[in-house]
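# Geometric and topological summary
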Amino acid sequence: MGWLFSAIAGAAMSVQGVMNTRLSEKIGLYESNMFVQGTAFLLSLAAMWILGKGQLREIASVNRWYLLGGAIGDALGAGIEFLTIARIRSQFGPSGVTGHTGAFGHTAPITDDTQMTLFTAEGLICAAVAGEPGGIAHVYRAYLRWLSTQRAGAAVPNTDGWLLELPQIHSRRAPGNTCLSALASGTAGSTEHRINDSKGCGGVMRAAPCGLVGGDAFRLGCDSAALTHGHPSGWLAAGGLALMIQVLAAGHTLEEAADAALDRISSHPEGRECAGA
């Protein structure tokens, strides 16, 4: 019956997109998002009450670092992102950073790295809801939504997700030029059809959610990064990070996770540079 529910879910998502657009035209973007997400929350609550396993309370036992570690680490180092190690030690002492560095007028800002990580997660969630787990097209659509937050007056390309409702997401925090230009081109890159030769960090910094959805995390990480970064080292690194996250989430050690990622990258025909780094 799984295929039937997947087909129904996909059809429903297609209808929802049209309905959301028409509703937005009548009552406004944020009002329509509130209505859509509010009704979805009520239906989800009813489904959980009827079909759930009664384990929601276990959320309290989840290590909070698993949920917030990436964003906290990003906020911690936001103020030194573009500094050399010598400059960091000169400014913060021999031990380096031991607390928040501050940036963009905030003690612990939400940076572009955290923003794009959240949109990666949003795209993967939308893909799962549509019955297309790991569907990279949904991740690309999420990145286009992120792009609209970085340009004043930019049109919202689609309303599939909910992150656009958060004011913090609409702050411009020194986003990478490759991410901006690749997404603005209107063409989604892939590992086979590469839209540039960039191997910057903009692909790997947003790939962590790809390791938390099951399946081939390495492949998914590569595909998500290749949407904007065409050089193999730009997307293989993202695949490696996603695989490390998956291995760690399964209860293995950091060393085992690193070995798994290095083995997978090394086995790729174009992985020599990335593995050597």
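Just above, that's the structure.
An account of the accompanying structure is given in this report. What you see is a predicted model, and the numbers here were worked out from it, not measured in a lab.

Conventions we followed
Residues numbered from 1 in each chain as written. Predicted model: local features only at pLDDT ≥ 70, side-chain atom pairs only at ≥ 80, totals over all residues. Heavy atoms only, no water. Buried < 20%, exposed > 50% of the residue type's maximum accessible area, 1.4 Å probe, protein only. Helix = DSSP H or I, 4+ residues; strand = E, 2+ residues; numbered from the N terminus. Contact = heavy atoms within 4.5 Å. Salt bridge = Lys/Arg side-chain N within 4 Å of Asp/Glu carboxyl O. Core = buried A, V, L, I, M, F, W, Y, C linked by side-chain atoms within 4.5 Å.

Moving on, we get to helix H7 (residues 177-184). Helical periodicity: at 3.6 residues per turn, an α-helix aligns residues three or four positions apart in one direction. Every buried residue of H7 is listed here: Cys179, Leu180, Ala182 and Leu183. The elements touched by buried residues of H7 are helix H5 (112-129) and helix H6 (136-149). Trailing H7 by a residue or two, Gly186 shows a phi angle of about 80°, which is positive.

All right, on to the pattern of salt bridges then. A complete count under the given rule lists seven salt bridges for this structure. Among the salt bridges present, the one from Arg145 reaches Glu122, with a minimum N-O distance of 2.9 Å. With Arg145 in helix H6 and Glu122 in helix H5, the pair connects residues that are 23 residues apart, well separated along the chain. Classification of Glu122 by relative accessible area gives buried; the value is 1%. Connected through shared salt-bridge partners, Glu122, Arg141, Arg145 and Asp160 make up one network.

Here the focus is the nonpolar core. A general feature of soluble globular proteins is that nonpolar side chains tend to end up buried together. Counting residues in hydrophobic clusters, the biggest one holds 22 residues, and the most contacted among them are Met116, Phe119, Tyr143, Trp146 and Leu183. Considering every element that reaches this core, the biggest residue donor is H6, with seven residues. In this view, Tyr143 contacts Met116, Phe119, Thr120, Leu183, Arg206, Ser224 and Leu227; residues no more than four positions away in its chain are not counted. Within the second largest apolar cluster, 13 residues are counted, among which are Ala207, Cys222, Ala226 and Ala257.

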